[in-house]
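Here is what each chain is made of, one letter per residue.
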Amino acid sequence: MATWDEFATAAPDLAVAGARLLTQFGPGLAFLSTVRPDGGPRLHPICPVIHDGDLWAFVITASPKCADLRRDGRFALHSFPPEEVDDEFAVRGTAHEAADVRPGDPTWTAIQRATSAAVGRPDETPFRLGIDAVMLATYEARGVFPPAYSVWRA
């Protein structure tokens, strides 16, 4: 498993393209899939943040998604689709609750400042998203298949 920084060092072009797709609308926007207690997927949009070499997710503490990540940290993160082409960026890995990061401390505040999204509310729990694999699919134009795939594994 790798940090965002380790991934970006090993595959810089892929990391730049991924960060561009995650932040194409301003704040980070992606779908986060977790594993429900019954083994099924749970999918919701979130605002991921790349900060200081890590990929972060703030999840409402009282939510089923937070319970999923605390119980079984496996996740899949997928960028929102761009308007002009169907390019996509996906990350698979394991989330780890950042018990050392709490409201008001310097890291919490720095992560909030790294995005225009409303993350880091007191009712949220921060998770570092460890990366096992990344996939980037690029298309020449909307509806043109097949895409060009780039894959990286930790």
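Shown above is the structure to which this text applies.
From a predicted model like this one, the values you see are computed outputs, not experimental measurements.

What follows concerns the overall build of the chain. If you tally the helices and strands in the chain, you get four helices and eight strands. Walking the chain from its N terminus toward its C terminus, one meets helices and strands in the order α-α-β-β-β-β-α-β-β-α-β-β. Pairs at least 24 apart in sequence give 66% of the contacts found in the chain among residues at least 6 apart. For the chain, the accessible area works out to roughly 7700 Å², and carbon and sulfur atoms hold 56% of it. When the 14 positive and 20 negative side-chain charges of the chain are each reduced to one mean point, those points stand 7 Å apart.

Of all seven residues in strand 4 (residues 54-60), six are buried, a share of seventy percent or more. As paired elements, strand 3 (residues 49-51) and strand 4 share three bridges and run antiparallel to each other. In the sheet register, His51 faces strand 4, and the bridge partner there is Asp54. Following strand 3, the chain reverses through two residues before pairing antiparallel with strand 4; Asp52 in that reversal takes a positive phi of roughly 50°.

What follows covers the nonpolar core. Counting residues in hydrophobic clusters, the biggest one holds 28 residues, and the most contacted among them are Phe7, Leu77 and Phe89. Taken together, the elements giving at least two residues each to this core come down to helix 1 (4-10), helix 2 (12-22), strand 1 (30-35), strand 4, helix 3 (64-71), strand 5 (74-79), strand 6 (88-97) and strand 7 (124-138). Not counting residues up to four positions away in its chain, the partners in contact with Phe89 are Trp4, Phe7, Leu14, Gly18, Leu21, Leu22, Leu77, His78, Ser79, Val134, Met135 and Leu136.

We now examine the pairing of strand 1. Summarising burial for strand 1: five of the six residues are buried, a large majority. Between strand 1 and the antiparallel strand that follows it, strand 2 (residues 41-46), lie five residues; Gly39 among them carries a positive phi value of about 90°. Bridge analysis of strand 1 against strand 5 gives four bridges, and the strand direction is antiparallel. By the bridge assignment for strand 5, Ala30 is matched with Ser79.

Our next topic: the pattern of salt bridges. In this structure the tally under the stated criterion is ten salt bridges. Between Asp54 and Arg128 there is a salt bridge, with the nearest N and O atoms lying 3.6 Å from each other. In this pair, Asp54 is assigned in strand 4 and Arg128 in strand 7, connecting sequence segments 74 residues apart. Assessed through its relative accessible area of 16%, Asp54 is described here as buried. Note on Arg128: relative accessible area 26%, which makes it partly exposed. Among the charged side chains, a network of salt bridges with common partners joins Arg42, Asp68 and Arg71.

Here we take up helix 3. Here helix 3 has its buried residues at Lys65, Cys66, Asp68 and Leu69. Taken end-on, helix 3 shows its buried residues confined to a sector of 155°, consistent with a single buried face. Buried positions along helix 3 lie against strand 1, strand 2, strand 4, strand 5, strand 6 and strand 7.

What counts and how
Residues numbered from 1 in each chain as written. Predicted model: local features only at pLDDT ≥ 70, side-chain atom pairs only at ≥ 80, totals over all residues. Heavy atoms only, no water. Helix = DSSP H or I, 4+ residues; strand = E, 2+ residues; numbered from the N terminus. Contact = heavy atoms within 4.5 Å. Areas by Shrake-Rupley, 256 points an atom, 1.4 Å probe, with all protein chains shown as cover. Lys, Arg positive; Asp, Glu negative; His and termini not counted. Charge placed at Lys NZ, Arg CZ, Asp CG, Glu CD. Buried < 20%, exposed > 50% of the residue type's maximum accessible area, 1.4 Å probe, protein only. Pairing = 2+ DSSP bridges. Core = buried A, V, L, I, M, F, W, Y, C linked by side-chain atoms within 4.5 Å. Salt bridge = Lys/Arg side-chain N within 4 Å of Asp/Glu carboxyl O. Arc of directions from axis to C-beta.

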